[in-house]
Amino acid sequence: MPSIPTQARVVIVGGGIAGCSVAYHLTKLGWSDVVLLEQGRLTCGTTWHAAGLVGQLRGTRTMTRMSRYGIELYSKLEAETGAATGWKQCGAVTVARTPERMILLKRMVATARSFGIEAHLVSPEEAGKLWPLMRTDDLAGAVWLPGDGKANPTDLTQSLARGARNGGAKIVEGVKVSGFDIRNSRVHGVKTDCGDIACEVVVNCGGQWARAIGEMAGVTVPLFSAEHFYVVTKKIPGVTPNLPVLRDPDGYIYYKEEVGGFVMGGFEPKAKPWGMDGIPDKFEFQLLPEDWDHFEVLMQNALHRTPCLEKAEVRQLLNGPESFTPDGHFILGEAPGLSGFFVCAGFNSGGIANSGGAGRLTAEWIVAGEPTADLWEADIRRFAPFYGNTRHLAERTVETLGLHYAMRWPKQEMESVRPLRRSPLYDRLKAAGAQFGAKLGWERALYFGPEGKLSFAAPGWLDTVRAEQRAVRQNVGVFDQTSFAKFRLQGPDALKVLQRLCANQMDVPAGKVVYTALLNRRGGFESDLTVTRLDEDTFFIVTGTAQAMRDADWIRRRIGDDRAVLTDVTSSWSVLSVMGPNADALLRAVGARDLPSMSNTTAMIDVGHAIALASRVAYVGGPGYELYVGTEFAATAYDAMIEAGAAHGLKNAGYHALDALRIEAGRRGFGAELTPDDTPLEAGLMYAVKLDKNTDFLGREALLRQRESGCRKRLGLFRVEDPKAFPWGSEGLLRDGRPVGEVTSAGFSDMLGTSLVMSYVRADHEIDRDHVMTGSYELDIAGERVKVTPLARPPFQG
């Protein structure tokens, strides 16, 4: 049996490219006491049969930076380790068959340029010159990314492994992990069939076994395997080693050159999940049976795009399972509720492209004790335990694999495993015409009316949403925000905990609501939330729907030895937000007597036959209340308001209107304007920070340093001068013709009759508000330059 040490600082489980990358980067950061365990041999699971496509561009600035780092690493690794990687910067061509796909590609190019990536829009004829073997007569255009490339997955992994060994890491093959030593919510060791290893940190890099490995530790790692296909041909005349990667997403297919022939695969619209009963332990260097019937849709599209395939000899149809996550993003980070247990998995068939950077980010998180960048897109804390349901994962995987190349529209929602979590008002809202979206499993009303056509221009639901906005600004609207995450923090040291974690002053009278940030050591936003003091030792915390697991974990980890307990009470309370100038009159009509008279205060009120905690806050600006009603009383309270509402112009309203209204009022949103990489100084939220309070809160020192050194980016609010132009988010912002940022939020303002956007303005030197307010600004909307004007104040000041 293999010999393993009895202790190590870090134990990595899984010897694919992700595990070897984490080991390599830990040693680069000075942590050499690292042991990597592989149950078979390195690369034997998924890595060995990966296609090896390596692209630069991802959806966010941080994730794109991660992918670009990976390419830089792959290009230099062979020189460092002496082991070949197969890296070749051959570039990539992505083609569009339809005008709609071409708009999507133009938006992609605008984002790439904003992130500093070289990208070119090319004609079908130019695309044909870059890739001579393809048919181009039916194309609308293409994109050329010269910095993309390909690598040999096995060679690349072995090179990372050699680099890790050179740095002191120990790699042991043939060792199966059987469990973990867990005490007091912390991992203390790994149990294997060759003995136990005591350790401080475990990293689950188990690939398609990562879900089962997580279950051994009580950790939900929501991924599921699907059959994934590609064909390998023999040599084809005209195929050269420098042939770029080709993607034809309208045909669901991709190509790369290999030994003078093609590797041609794709992401079919409906996938075949695999492994309902788990992944066999000994599924090493193995494939699944060929399925030409399932592959037919890809093959037919490939024959159309590359007629030379008709005469090409196929070596094999390779069917190698890959794991996919419920939202198509990978899974990184320390597991909520279990200190020292990290995950780096779920790469959705993108492990070769992304493991270089993901391994570095995971290693940095381990060493620093918190993420070193905004990883929310990939953070394991975006998932709740119910995502571990096997049937849920299998059904969602049918959809998520196909989304890789599916046509994606702004505001498009996933369709599978819905409805899952429902407010008590779900049936009533549906009967009223609600069209729903989903967040953390919750069905949430987006708007009320017929289903509107999705579009890059004016969407089919725009008139409906504008009417909802008018109701809120002129009369009153009601939003069902039951999906808010809600917590109760109580105990003799509850205030002490909040003062240490929150940037605002939390020592306020009972009944007072405080808007505050939770900051990291860099001064960036880990969350923004409201806290209501109920009594001396009890606080009611409300945060965004998606932040439920993240915020609970952030707070619980930092309670330490203080006498305080955090309890998730989300399901106990429904939230009805009543917003607009007629809100007071409506609530008085249903029985409320002593409404809170001042902003950010609360009072218990009657609502029909129910009672509610009324909080005088309005995310959309202006007068309004959030009503916290016991879940079982929600329908009673809602019915009372609907019955009395006609006399006050009451209208149901959804999240599309809410988002547009909050932008109009200058309200920031977490995950958009507020991320771990953004500080209150940069976001213009210092009014919610009390640097002089008598507690040294987390992030304070970073803010003091930044106040002295100055900001190199600042948030701006901009009016789009062309009312027919529709930004949706991520469009590049240009100042005096130079890229300075990208849109974080966008919404059409009914009050102004045009769109508003938020974006950070970035520079390589210190900037102030005057810098943001001067200069000539444009948005790059799918290649069209659209003038925007910076606003000194939000348009709505109610």
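Residues numbered from 1 in each chain as written. Predicted model: local features only at pLDDT ≥ 70, side-chain atom pairs only at ≥ 80, totals over all residues. Heavy atoms only, no water.

### Focus on the overall build of the chain
Here is step 1: Counting its regular elements, the chain contains 19 helices and 41 strands.
Here is step 2: When its C-alpha atoms are laid out on the principal axes, the chain stretches across 80 × 65 × 50 Å.
Here is step 3: Per-residue burial over the chain gives 62% buried out of 798 residues.
Here is step 4: Excluding contacts between residues fewer than 6 apart, the proportion of contacts in the chain whose partners are at least 24 apart in sequence is 72%. (Helix = DSSP H or I, 4+ residues; strand = E, 2+ residues; numbered from the N terminus. Buried < 20%, exposed > 50% of the residue type's maximum accessible area, 1.4 Å probe, protein only. Contact = heavy atoms within 4.5 Å.)

### Re the nonpolar core
Here is step 1: In terms of nonpolar packing, the biggest core is built from 62 residues, with Leu-37, Phe-180, Phe-341, Leu-489 and Ile-541 touching the most fellow members.
Here is step 2: Discounting residues that sit within four places of it in the chain, Ile-541 has contacts with Ala-485, Lys-486, Phe-487, Leu-489, Leu-498, Leu-529, Thr-530, Val-531, Ile-555 and Leu-566.
Here is step 3: Grouped together as the second largest cluster of nonpolar side chains are 48 residues, Cys-20, Trp-31, Leu-160 and Ala-363 included. (Core = buried A, V, L, I, M, F, W, Y, C linked by side-chain atoms within 4.5 Å.)

### So, the packing of aromatic side chains
Given two aromatic rings, one states the distance between the centres and the angle between the planes to describe the pair.
Here is step 1: One pass over the structure, following the stated rule, counts 24 aromatic pairs.
Here is step 2: Taken together, the ring pairs in this structure connect Tyr-447, Trp-461, Phe-726, Trp-728 and Phe-748 into an aromatic cluster.
Here is step 3: Between Arg-422 and the ring centre of Tyr-426, over which it is positioned, the NZ or CZ distance is 5.6 Å.
Here is step 4: Here the basic side chain of Arg-473 rests over the ring of Phe-796, its NZ or CZ set 3.6 Å away from the ring centre. (Phe/Tyr/Trp six-rings, centres within 6.5 Å; stacked < 30°, edge-to-face > 60°. Lys NZ or Arg CZ within 6 Å of the ring centre and 35° of its normal.)

### Thoughts on helix α7 (residues 292-305)
Here is step 1: The end-to-end C-alpha distance of α7 is 19 Å, a good match for the 20 Å that 14 residues give at a rise of 1.5 Å each.
Here is step 2: Roughly 35° is the biggest bend found in α7, and it falls at Leu-298.
Here is step 3: Those residues of α7 hidden inside the fold are in contact with β14 (229-233), β15 (245-248), β16 (253-258), β17 (261-266) and β19 (314-319). (Expected span 1.5 Å × (residues − 1). Bend = angle between axes of the 7 residues up to and from the residue.)

### A closer look at the pairing of strand β39 (residues 754-767)
Here is step 1: Of the strand pairs in this sheet, strand β36 (residues 711-720) and β39 are connected by 8 bridges, and their pairing is antiparallel. If you follow Phe-718 over to β39, its bridge partner there is Val-757.
Here is step 2: As judged from the 6 bridges shared by strand β38 (residues 738-749) and β39, these two strands associate in the antiparallel manner. Looking at the pairing, Ser-749 lines up with Thr-754 of β39.
Here is step 3: Two successive antiparallel strands, β38 and β39, enclose a turn made up of 4 residues, where Gly-753 displays a positive phi of approximately 75°. (Pairing = 2+ DSSP bridges.)

### Some remarks on the pattern of salt bridges
For side chains bearing opposite charge, pairing can occur when the charged atoms are close.
Here is step 1: Under the defined criterion, the tally for this structure stands at 52 salt bridges.
Here is step 2: Of the charged contacts in the structure, one is a salt bridge between Arg-473 and Glu-664, with a shortest N-O distance of 2.7 Å. With a gap of 191 residues between them, Arg-473 in helix α11 (residues 462-474) and Glu-664 in helix α16 (residues 655-664) connect regions that are remote in the sequence. For the pair shown, Arg-473 and Glu-664 are each scored as buried.
Here is step 3: With a shortest N-O distance of 3.4 Å, Asp-606 and Arg-593 are connected by a salt bridge. (Salt bridge = Lys/Arg side-chain N within 4 Å of Asp/Glu carboxyl O.)

### Examining the packing of helix α2 (residues 61-81) against helix α5 (residues 153-166)
Here is step 1: Between α2 and α5, the least distance of the axes is 10 Å, while the angle of their chain directions is 55°. Accordingly, the angle class assigned to the pair α2 and α5 is oblique. The chirality of how α2 crosses α5 is left-handed. Counted together, Leu-73, Tyr-74, Leu-77, Glu-78 and Thr-81 of α2 and Leu-156, Ser-159, Leu-160, Arg-162 and Gly-163 of α5 form the full contact between these two elements. (Axes fitted to C-alpha atoms, helices over the stretch in contact; angles between N-to-C directions. Parallel < 35°, antiparallel > 145°, perpendicular 65-115°, else oblique. Left-handed = near helix turned anticlockwise from the far one by under 90°.)

### Thoughts on the packing of α11 against α16
Here is step 1: With their axes 9 Å apart at the nearest point, α11 and α16 run at an angle of 55° to one another. Of the possible angle classes, the one that applies to α11 and α16 is oblique. You can see that α11 and α16 cross each other, and the crossing is right-handed. Touching Val-465, Glu-468, Gln-469, Val-472 and Arg-473 of α11 are His-656, Ala-657, Ala-660, Leu-661 and Glu-664, all from α16.
Here is step 2: Of the residues contributing to the contact of α11 with α16, the split by class is 5 nonpolar, 2 polar and 3 charged. (Nonpolar A, V, L, I, M, F, W, Y, C, P; charged D, E, K, R; others polar.)

### A few points about unusual backbone geometry
A negative phi holds for most residues other than glycine; trans holds for most peptide bonds.
Here is step 1: Arg-418 connects to Pro-419 through a cis peptide bond whose omega is -10°.
Here is step 2: The residue Pro-419 is located in the loop between α9 (390-400) and α10 (426-431) in this model.
Here is step 3: Even without a glycine there, the phi angle at Asn-184 is positive, about 55°.
Here is step 4: Looking at where Asn-184 falls in the secondary structure, it is placed in the loop between β9 (177-183) and β10 (186-192).
Here is step 5: Assessed through its relative accessible area of 78%, Asn-184 is described here as exposed.
Here is step 6: Located in the positive-phi region is Val-259, a residue other than glycine, with phi close to 50°.
Here is step 7: We classify Val-259 as exposed; its relative accessible area is 58%.

### Section: helix α13 (residues 548-557)
Here is step 1: In terms of residue burial, α13 counts as a mostly covered element, since 7 of its 10 residues are buried.
Here is step 2: Taken residue by residue, α13 has Ala-548, Arg-550, Asp-551, Ala-552, Asp-553, Trp-554 and Ile-555 as its buried positions.

### Quick word on the sheet that holds β9
Here is step 1: Spatially, the 3 strands line up as an open sheet ordered β9-β10-β11, and their pairing is antiparallel. Of all strands in the sheet, those bounded by a partner on one side alone are β9 and β11 (195-198). Geometrically, the sheet is characterised by an average inter-axis angle of 25° between neighbouring strands, direction not taken into account.
Here is step 2: The pairing of β10 with β11 spans 4 bridges and is antiparallel. Of the residues in β11, the one forming a bridge with Lys-191 is Asp-196.

### Focus on the environment of Val-314
Here is step 1: Residue placement: Val-314 occurs in strand β19.
Here is step 2: With 279 residues separating them in the primary sequence, Val-314 and Val-35 have C-alpha atoms 41 Å apart.
Here is step 3: Leave out the neighbours within four places in its chain, and Val-314 touches Val-231, Val-232, Thr-233 and Trp-292.

### Points about the sheet that holds strand β4 (residues 92-96)
Here is step 1: Taking strand neighbours across the sheet as the criterion, the 8 strands line up as β5-β6-β4-β15-β16-β17-β14-β19 in an open arrangement whose pairing is mixed. Whereas interior strands pair on both sides, the edge strands pair on one side only; in this sheet they are β5 (120-122) and β19. Sheet twist, expressed as the average angle between the axes of neighbouring strands with direction ignored, equals 20°.
Here is step 2: As judged from the 5 bridges shared by β14 and β19, these two strands associate in the antiparallel manner. In the sheet register, Val-231 faces β19, and the bridge partner there is Leu-317.
Here is step 3: Running at roughly 25° to strand β6 (residues 141-145), helix α3 (residues 99-114) makes contact with β4, β5 and β6 of the sheet.

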